[in-house]
Amino acid sequence: MARNKVQFQKELSETEFNKAYGSEERCHAALVEWRWPNGFECPDCGGTAHCVVTRGARKLFQCNACRKQTSVRAGTIFASSKLPLRLWLAAMYHLTQTKQGISSLELSRRLGITQNAAWKMKHKLKQVMLERNAKKRLKGKVQMDDAYLGGERAGPPGRGAEGKTPFVAAVETTTDGKPHKIILRRVHAFSKTALRNLASSALESGAEVVSDGLKCFAAVTEAGCKHTAIVTGSGPNATKTPAFKWVNTALGNIKTALVGTYRAVREKHAPRYLAEFEYRFNRRYDLGGMIPRLARAALTTKPMPYRLLKLADFQA
């Protein structure tokens, strides 16, 4: 049997990670290069001539034209954080290289910081993933299905179950039927309005969507997509329908990972948890490259204060 290309690919080992990002100086230099690949550019006036001002452990870039001082963290997701950059890069390593994800408690143990600090760091990085994912769209043949994230307390199965968070999973497949990309988006309800809005923002016009017989999925046609409904019935056999092989496989892996890694997922934070799995899945063929890609995205993401992290971050 041929080896799975994802599972057996050459990834970034901890030894290699430590060689590349094992010191604060190396992490700072890497972030400077990723933020300003063509050289420093003043965020205020766009000037490039500058000098470096050192204040203790901080390095500030001062524009020669307007005298504006800025750091590599300023205006990014790293802003106002007192944690060393090497811990931020280490957190990126753990979030991107683990298929099952990592809890904030486990992350705090590995980084040697408090659980609260690890939670804030982790959710800020998830926010980066969430905003990055929002720019991507699926095209071609797409398998789509409805699903739920379980609440803190067990509830009855099926649609309309109390305490559950509804979300939609969609998998774009290649011409030879292999899974390519995925989207995982929370919805307030499985309604035509919700599916029309989702299709408008996450699917390319002309995408060929196949779903089960749930009526709301037909609304994707209002966003210019084609739709085929296959009535599968209920029960375990419904998940074995060949037309939904990859979306069902993805849902099974996601739910298993969530149950195994997290005790509970609060509804208002569900989009970030889904975004984490979506981000990793869509970049699974380049595990080593995920750290610089995530870091570049973090450097273009606006600051996210703790008070905003705690609020609901999704509007239908």
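Our structure is the block above this text.
Given the structure is predicted, the values throughout are model-derived calculations rather than measurements. (Residues numbered from 1 in each chain as written. Predicted model: local features only at pLDDT ≥ 70, side-chain atom pairs only at ≥ 80, totals over all residues. Heavy atoms only, no water.)

Caption draft 1: Just the sheet that holds strand 8 (residues 226–229), in detail. Ordered in space as 6-5-4-7-8, the five strands form an open sheet in which the pairing is mixed. Each edge of the open sheet carries a strand with a single partner, namely strand 6 (179–186) and strand 8. With direction set aside, neighbouring strand axes in the sheet form an average angle of 25°. As judged from the nine bridges shared by strand 4 (residues 141–149) and strand 5 (residues 165–173), these two strands associate in the antiparallel manner. Paired with Y148 across the two strands is P166, which belongs to strand 5. (Pairing = 2+ DSSP bridges. Helix = DSSP H or I, 4+ residues; strand = E, 2+ residues; numbered from the N terminus. Axes fitted to C-alpha atoms, helices over the stretch in contact; angles between N-to-C directions.)

Caption draft 2: Expanded view of the packing of helix 2 (residues 24–35) against helix 9 (residues 290–299). In contact at an axis separation of 9 Å, helix 2 and helix 9 are set at 65° when each is read in the N-to-C sense. The angle between helix 2 and helix 9 falls in the class roughly perpendicular. Between helix 2 and helix 9 lies a crossing of right-handed hand. Mapping the contact onto sequence places L31, W34 and R35 in helix 2 and P292, A295, R296 and L299 in helix 9. Per-class residue counts for the contact of helix 2 with helix 9 are five nonpolar, no polar and two charged. (Parallel < 35°, antiparallel > 145°, perpendicular 65-115°, else oblique. Left-handed = near helix turned anticlockwise from the far one by under 90°. Contact = heavy atoms within 4.5 Å. Nonpolar A, V, L, I, M, F, W, Y, C, P; charged D, E, K, R; others polar.)

Caption draft 3: Here's a closer look at the pairing of strand 5. Counting buried residues in strand 5 gives nine out of nine residues, a clear majority hidden from the surface. Burial of strand 5 is two-sided: the residues T165, F167, A169, V171 and T173 facing one way and the residues P166, V168, A170 and E172 facing the other way are all buried. In terms of strand pairing, strand 5 meets strand 6 through seven bridges, oriented antiparallel. From the neighbouring strand, T173 faces strand 6, where its bridge partner is P179. Count of turn residues in the strand 5/strand 6 antiparallel hairpin: five residues, of which G177 carries a positive phi of about 85°. (Buried < 20%, exposed > 50% of the residue type's maximum accessible area, 1.4 Å probe, protein only.)

Caption draft 4: Quick peek at the packing of aromatic side chains. Counted under the stated rule, the structure contains ten aromatic pairs. Note on F17 and Y21: the rings are 5.4 Å apart at their centroids and 50° apart in plane angle, and the pair reads as tilted. Of this pair, F17 and Y21 both sit in helix 1 (residues 14–21), four residues apart, which is roughly one turn of the helix. Accessibility assignment for this pair places F17 and Y21 in one class, buried. Here a set of aromatic residues connected by ring pairs shows up, and it is made of F17, Y21, W34 and Y93. It is K126 that lies over the ring of Y273; its NZ or CZ is 4.0 Å from the centre. The positively charged end of R283 is found above the aromatic ring belonging to Y279, 3.7 Å away from the centroid. (Phe/Tyr/Trp six-rings, centres within 6.5 Å; stacked < 30°, edge-to-face > 60°. Lys NZ or Arg CZ within 6 Å of the ring centre and 35° of its normal.)

Caption draft 5: Region of the structure containing the sheet that holds strand 2 (residues 58–63). Sheet architecture is open: three strands sit in the order 1-2-3, paired in antiparallel fashion. Both edges of this open sheet fall to strand 1 (50–55) and strand 3 (69–70), since each of them pairs with a single strand only. Two strands pair when backbone bridges link them, and strand 2 and strand 3 are joined in this way by two bridges, in the antiparallel orientation. Within strand 3, the residue paired with F61 across the bridge is T70.

Caption draft 6: The nonpolar core, seen in detail. L31 and L89 are the most contacted members of the largest nonpolar core, which totals 48 residues. Listed by contribution, the elements that provide at least two residues to this core are helix 1, helix 2, strand 2, helix 3 (85–97), helix 4 (104–111), helix 5 (115–133) and helix 9. Per-element accounting of this core gives the leading share, nine residues, to helix 3. By size, the runner-up hydrophobic cluster in this structure holds 24 residues, among which are L195, A199, L214 and F217. (Core = buried A, V, L, I, M, F, W, Y, C linked by side-chain atoms within 4.5 Å.)

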